[in-house]
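This is what each chain is made of:
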Amino acid sequence: MHRVGSSGNTANNSTRPRKEKRLTYILNDADDTKHCAGINCLVVLKSAVSDVSDYLFTGSRDGKLKRWSLGDDAATCSATFESHVDWVNDVVLVGDGTLVSCSSDTTLKTWNALSNGVCNRTHCQHSDYVTCLAAAEKNSNIIASGGLGGEVFIWDLEAALASKCNDIMDDENSNVINGSGNSKSTTALRSSSSSNSISLHSTQTEGYIPIAAKGHKESVYALAMNEVGTLLVSGGTEKVVRLWDPRSGSKTLKLKGHTDNIRALLLDPTGRFCISGSSDSMIRLWDLGQQRCIHSYAVHTDSVWALASTPSFSHVYSGGRDFSLYITDLQMRESVLLCTGKHPILQLALHDDSIWVASTDSSVHRWPAEGRNPQKIFESGNSFLAGNLSFSRARVSLEGSTPVPAYKEPTLTIPGIPAIIQHEVLNNKRHVLTKDSSGSVKLCEITKGVVIEDFGKVSLEEKKEELFEMVNIPAWFTVDTRLGSLSVHLDTPQCFSAEMYSADLNILGKPEEDKVNLARETLKGLFAQWLIEQKKRTGSPASANGDLKDIATKCHAHSGVEVDGSSENDAMVYPPFEFSVISPPSIVTEGTHGVPWRKKMTDLDGTEDEKDLPLWCLDCLLNNRLPPRENTKCSFFLHPCDGSIAQILTQGKLSAPRILRVHKVVTYVLEKLVLDKPLDNGNADGNVAPGLAGSQIQHQAVREGPTRSGSKSWQKIRPSIEILCNNQILPPEMSLATVKTYIWKRQDDLVLNYRVVQGR
């Protein structure tokens, strides 16, 4: 505790510091074989060998893809593909086993479909979310991608693989192709809010540049390509179907008819017919040779988001926002309601006589579809005529004459984990209350990545009030649930603002009054495996990582940030910060390389360096140094209570750490009131202490120090002191920050009063 001078206006000639890169960690569920958010896309890989199972690939809003081995009555997760840092929006299979995915992280990624989930290559070209993909079935090299930026690119995967790019990751498992052929060198990885965004810095390279199909002025939501890759169709918010020549990227045709966004497209194998589904609830069949719509089908009562067709293109399956799956005979213009679910349908994949349905739920369902002989479904007699006008089906629905579903239950369900949809950070800034889509409320400890307690289906707000603690700890992290689980974001220097005493964290073997920085200890827990692997590879981290230390120090020096090197070097991971290796969190961040990446904590192999990790993070882990932090002190005035005869200690302002407890202020007052010297025999009976002359206060004698041989023990008089704020007596264990937040309740400097308690 020390005095501070009065504040005044000071000149600030420093330049604005650059934005440091963020580090995020995602808390994974104990059962990592399941998705924990809506399924945006799926695709089936048919086995060429009869005794080998087929595979289903699913891409989710949790940022992961999964491969499922399909049996007659079961589906087993055989691999998880984890590299995207945002929603996986679409996935296609090309060639003999190459999986291509696209994401809201603005990238495309290629994978070996039958591998253990390692990403082969990352393609960076889009400037916004990549929403859709299309592949040429008989040309395994050609795919197309479209996104919210109005961009459509045609990729030659073989040429991309063969290209020599200067911007390739030094990682044996992942290569990045950044083909920024335009003047934009920076793109943004968007999140649910601007405060939760991560920047993706792209640089122009001499790598492979895909063909740009220029013409869309607005977002693209749907793509389709004929089997030989000579025709591409696209649709989006412009409400028109555009035709392109993928070989040159030139547009050839524009078809009008829909009155709202186009969300799904199909092309027949020959490229003559096109089917489109729209948010205007209509399905349209186009003859591209005649350049016109030849049929309209009013089947749904809301937006059509997903389409799939039989191999002969005679029937189309459709789903969307009305939770319903229909099959429509394109020639006879008849439709049958196959089933109705509980969630909007996002994508469909036909599999022999079944159809897989992806929705905003984390589970995937398989329904009967009679794909080989769809006419069987119409023999039940539950069909209805698909009219030309969109309001016709809506009118029938309002009148209560809705069709009867042909099937009540799916033949197989791949269950998911309910997505977290709501959260509340508790006052201790270590616990977070979550509520998932099933209504279950749980308490999570983010510094360990575990669920402490499952409260079941209770009120989140009431549980938050029940768990309220009158403590004040700075907000050292932010949280979002965009991926269906808790994503904890750390931004420097704010993340290093929170400290607690080791006694409050129940850390055994550490002095009770040692201050523990929550972010630093959390980083040590997250990167414990990384530090172990690095030591195995290089011997001693202290000597082997000198270059990293130099880089980190130079980074801080360059940005004008002073490095605090006073912290004790302590490599131990304390129990409150030990993350589970059974369900390890996933780390999402980026280094100087400029491309965000995602890995499980236990998959870090020690090779990650400044190209992969933020320099401030490396400086904390390797050098145990923290950047200067703001608002770690609390300024206050200390005065005697009104009417008190005790001496006034100081007229100035005092400053102390925010976490300083009230009993420390009591000690400070005692040190100023009582002379630190032995008392003579005349004063040993407890008379008034010097400095409090004239007061009629009883005192308690406190023995201090050892008894000296051959001399009498000495004592000093110690009065009982109470500290007050706003006339309220403060508990000794309360911190100054808590006092200011809950007792003082003002923005100006805290005012504390002290008084000597009589009769104690």
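See above for the structure.
Residues numbered from 1 in each chain as written. Predicted model: local features only at pLDDT ≥ 70, side-chain atom pairs only at ≥ 80, totals over all residues. Heavy atoms only, no water.

The axes of two packed helices give the description: the angle between them and the distance between them. Viewed as axis vectors pointing N to C, helix α5 (residues 518–526) and helix α9 (residues 615–623) meet at an angle of 85°, and their least axial separation amounts to 10 Å. By the angle between their directions, the pair α5 and α9 is classed as roughly perpendicular. Note on element contacts: α9 touches α5 through W616, C617, C620 and L621, opposite R520, L523 and K524. Looking at the contact of α5 with α9 residue by residue, the classes come out as 5 nonpolar, no polar and 2 charged. (Axes fitted to C-alpha atoms, helices over the stretch in contact; angles between N-to-C directions. Helix = DSSP H or I, 4+ residues; strand = E, 2+ residues; numbered from the N terminus. Parallel < 35°, antiparallel > 145°, perpendicular 65-115°, else oblique. Contact = heavy atoms within 4.5 Å. Nonpolar A, V, L, I, M, F, W, Y, C, P; charged D, E, K, R; others polar.)

Here we come to the side chain of T738. Residue position: T738 is located in helix α11 (residues 736–744). A distance of 3.0 Å separates a polar atom in the side chain of T738 from the backbone nitrogen of N472. Polar contacts involving the side chain of T738 include one to the side chain of S735, which spans 2.8 Å. Once residues lying within four places of it in the same chain are set aside, the contact partners of T738 are M470, V471, N472 and I743. (Polar contact = N/O pair within 3.5 Å; in protein donor to acceptor, adjacent residues only side chain to side chain.)

Attention now goes to the sheet that holds strand β18 (residues 220–225). Spatially, the 4 strands line up as an open sheet ordered β18-β19-β20-β21, and their pairing is antiparallel. Among the strands making up the open sheet, the edge pair consists of β18 and β21 (250–256). Along the sheet, successive strands turn relative to each other by an average axial angle of 25°, direction set aside. Where β18 lies against strand β19 (residues 232–236), 5 bridges are found, and the strand directions are antiparallel. Residue pairing for β19: A222 is matched across the bridge by G235. (Pairing = 2+ DSSP bridges.)

For the structure shown, the criterion picks out 10 aromatic pairs. On the numbers, 5.4 Å between centres and 85° between planes, the contact of F81 with W111 is edge-to-face. With a gap of 30 residues between them, F81 in strand β6 (residues 75–82) and W111 in strand β9 (residues 107–112) connect regions that are remote in the sequence. Both rings, one in F468 and one in Y742, keep their centres 5.9 Å apart while their planes meet at 80°; by these two values the pair is edge-to-face. With F468 in the loop between α4 (460–466) and β39 (478–480) and Y742 in helix α11, this residue pair connects regions lying 274 residues apart in the sequence. (Phe/Tyr/Trp six-rings, centres within 6.5 Å; stacked < 30°, edge-to-face > 60°.)

With that settled, the discussion passes to the pattern of salt bridges. With the rule as written, the count across this model stands at 31 salt bridges. Here R22 ties to D491 by a salt bridge, and the two come within 2.9 Å at their closest N and O atoms. Here the residue R22 occupies a position in the loop between β1 (2–4) and β2 (23–26), and D491 occupies one in the loop between β40 (487–490) and β41 (499–501), the gap between them amounting to 469 residues. Note on D491: relative accessible area 14%, which makes it buried. Here K34 and D31 are joined by a salt bridge, their closest N and O atoms 3.5 Å apart. (Salt bridge = Lys/Arg side-chain N within 4 Å of Asp/Glu carboxyl O. Buried < 20%, exposed > 50% of the residue type's maximum accessible area, 1.4 Å probe, protein only.)

It is worth spelling out the pairing of β21 at this point. Of the strand pairs in this sheet, strand β20 (residues 240–245) and β21 are connected by 6 bridges, and their pairing is antiparallel. Following the sheet pairing, V240 is matched in β21 by K256. With antiparallel pairing between neighbouring strands as the criterion, β20 and β21 make up a hairpin whose turn holds 4 residues, including G249 at a positive phi of roughly 80°.

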